[in-house]
Each structure stands twice: as structure tokens, then as C-alpha cells.
Amino acid sequence: SSSQFFNTESLSKVVEQSSKGSIALSDKRRKRIEDALQVLLKFKEKQILVHIVHANQELSDTSWLDKSQCFTNEHHEDPCARATEIFDHEAQELADVFAAARIARLEIDNLYDEAIHDPWFNSFSWESFSKEELILVPSVIVLEGAHRLVGESMVSFSHLLNSGRPVNIFVRVKAHDNPGAQENEDPFHNYRTELGYLGISHRQAVVTQCSAARHQLLLEHFETSL
């Protein structure tokens, strides 16, 4: 029997005196891991892929949108400002998830440094997203009128472009019209207001301007912008 070779009583005393496990987690680290786990377990992917915000009659027929659960459409007096709110809300919900996933990875690799990572995750927002994470945020699309963008919506339009938020703005500009012309004014009395130039002046914006008559080129531009 094994008792012929081992003194079980002496062996039991040695085992009792040895370490009973690995180094215990600190309370702060345990809470950090548990909080990250709870966020990841609660996350449920939404069906909504695209939010559309429009004003006036820019989207008069929404029946085709109502047939799909992947789209939402909303009429608002200031679409650019509303689009900013929608994007921030969607991004903040995902920011908690992305932060939890990053924390989990750092903890698995035993690389979490509180002095470095605590401040980083305390201010974690959409501006900290990777390219892959940013793509997962539901798209927000604004449909606006050209005259509104150079009028009452100019401030919110400019603010949205300057913010760097990846919100897409679709504007229909009629070839025979001047968006900057005053009411009852000859559209071509002065230089034509080109919205493309306004977009480019904001530096972070991607601008594409194309005629619907060249639909293949127009679709290529849409794909590049989106």
C-alpha cells in the first residue's frame, strides 16, 4: 500500500502549511472585472441599423421605411442638431460595451495599469473608438433642404461638421437654383452658394457633389462617403 512509502500524517502537515491558492485579487480589481462582465452579459445587439432625420418635405413618403425594423425615421425642425443627439446616445451605449471588452482583454493579459488605464476609461467616448468599433455604431442620416442649410440650420450644420461625428448629410440642390438667394431674388444675381465648398471648409468633412443624371457615378460617391 502507499502507506509503506509515504508518511501521510507528515504529508498532510506540509500541505496545510503551503499556500492554499494563487495571489488573491484586490477588491478594486475584482470589482472592475465583475463590472465589465456584467456590462458584457447585459449587452443585446439592436436591430436598428440606420436612423434617418428629416425636415419639411425632404422625406414625404416613409411607408417603405415602416416595413423594416432596421430603420427609424423622425421629423425634426433641426435635423442636424437632432442627429447629433441620436448619434451621441447610440455611441454612449456602445462606449460602455467597448470599454468593458477592452478592460476584459487587459485583465486577461494581466496588463491593466490603474495609473494609465483608469483615467483613459473614465473619459472613454466615441472619439476613442477604433475604426472597427465606430463602424458598429448605427448610422445616422440627415435629409435636409439646401435653403435651410444656408439659413436657419447653418449653425447646427456647421457644428455637426466641425464635431467630426460620422453623420451623413444628404442635401438636394436643384441645378437651376441658388441656395443662398433671398426670397424673390434672382437665383443667379450673385455668385451661387455651393454647399460643397462649405463642407470642405470644415476640414474633417468628406464632400461629394454629383448629378443624379449620372447615377453610376453618384452611387460610387455615396459608397465612398458612407
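Structure: see above.
Remember, it's a predicted structure, so these values are computed and weren't measured experimentally.

**Q** Go over the packing of aromatic side chains with me, naming the residues and quoting the values.
**A** In this structure the tally under the stated criterion is 7 aromatic pairs. Ring centres 5.5 Å apart and planes at 80 degrees place the aromatic pair Phe 87 and Trp 126 in the edge-to-face group. Taken together, the positions of Phe 87 in helix H4 (residues 79-108) and Trp 126 in the loop between helix H5 (114-122) and helix H6 (131-135) put the pair 39 residues apart, joining distant regions of the chain. Comparing Phe 87 with Trp 126 shows no difference in burial state: the two are buried. Plain terms: the ring middles of Phe 124 and Phe 129 are 5.8 Å apart, the flat faces sit at 40 degrees to each other, and that makes the pair tilted. No difference in accessibility class separates Phe 124 from Phe 129, as the two residues are buried. An aromatic cluster is present here, built from Phe 98, Tyr 112, Trp 120, Phe 121, Phe 124 and Phe 129 joined pairwise through their rings.

**Q** Describe the pairing of strand S1 (residues 50-54), listing the residues and the values that go with them.
**A** The buried count for S1 comes to 5 of 5 residues, which makes it a mostly enclosed element. Taking every second residue as pointing to the same face, both faces of S1 are buried, with Val 50, Ile 52 and His 54 on one and His 51 and Val 53 on the other. With 5 bridges joining them, S1 and strand S2 (residues 71-75) adopt parallel strand pairing. Paired with His 54 across the bridge in S2 is His 75. For S1 and strand S3 (residues 139-145), the ladder comprises 5 bridges, and the chain directions are parallel. Residue pairing across strands places Ile 52 opposite Ile 141, the latter belonging to S3.

**Q** Let's hear about the sheet that holds strand S4 (residues 168-172): which residues, and what values?
**A** Strand pairing in a sheet is mediated by backbone hydrogen bonds. Such pairs are either parallel or antiparallel. Taken in spatial order, the 4 strands line up as S2-S1-S3-S4 in an open sheet, and their pairing is parallel. With partners counted over all chains shown, the strands left at the sheet margins are S2 and S4, one partner each. Along the sheet, successive strands turn relative to each other by an average axial angle of 20 degrees, direction set aside.

**Q** So what's going on with the packing of H4 against H5? Residues and values would help.
**A** Here H4 crosses H5 at 170 degrees, and the two axes come no closer than 11 Å. It follows that H4 is roughly antiparallel to H5 by the angle criterion. Contacts between H4 and H5 involve Ala 99, Arg 102, Ile 103 and Leu 106 from the first element and His 117, Trp 120 and Phe 121 from the second. Tallied by class, the residues present in the contact of H4 with H5 amount to 5 nonpolar, 1 polar and 1 charged.

The rules behind each value
Residues numbered from 1 in each chain as written. Predicted model: local features only at pLDDT ≥ 70, side-chain atom pairs only at ≥ 80, totals over all residues. Heavy atoms only, no water. Phe/Tyr/Trp six-rings, centres within 6.5 Å; stacked < 30°, edge-to-face > 60°. Helix = DSSP H or I, 4+ residues; strand = E, 2+ residues; numbered from the N terminus. Buried < 20%, exposed > 50% of the residue type's maximum accessible area, 1.4 Å probe, protein only. Pairing = 2+ DSSP bridges. Axes fitted to C-alpha atoms, helices over the stretch in contact; angles between N-to-C directions. Parallel < 35°, antiparallel > 145°, perpendicular 65-115°, else oblique. Contact = heavy atoms within 4.5 Å. Nonpolar A, V, L, I, M, F, W, Y, C, P; charged D, E, K, R; others polar.

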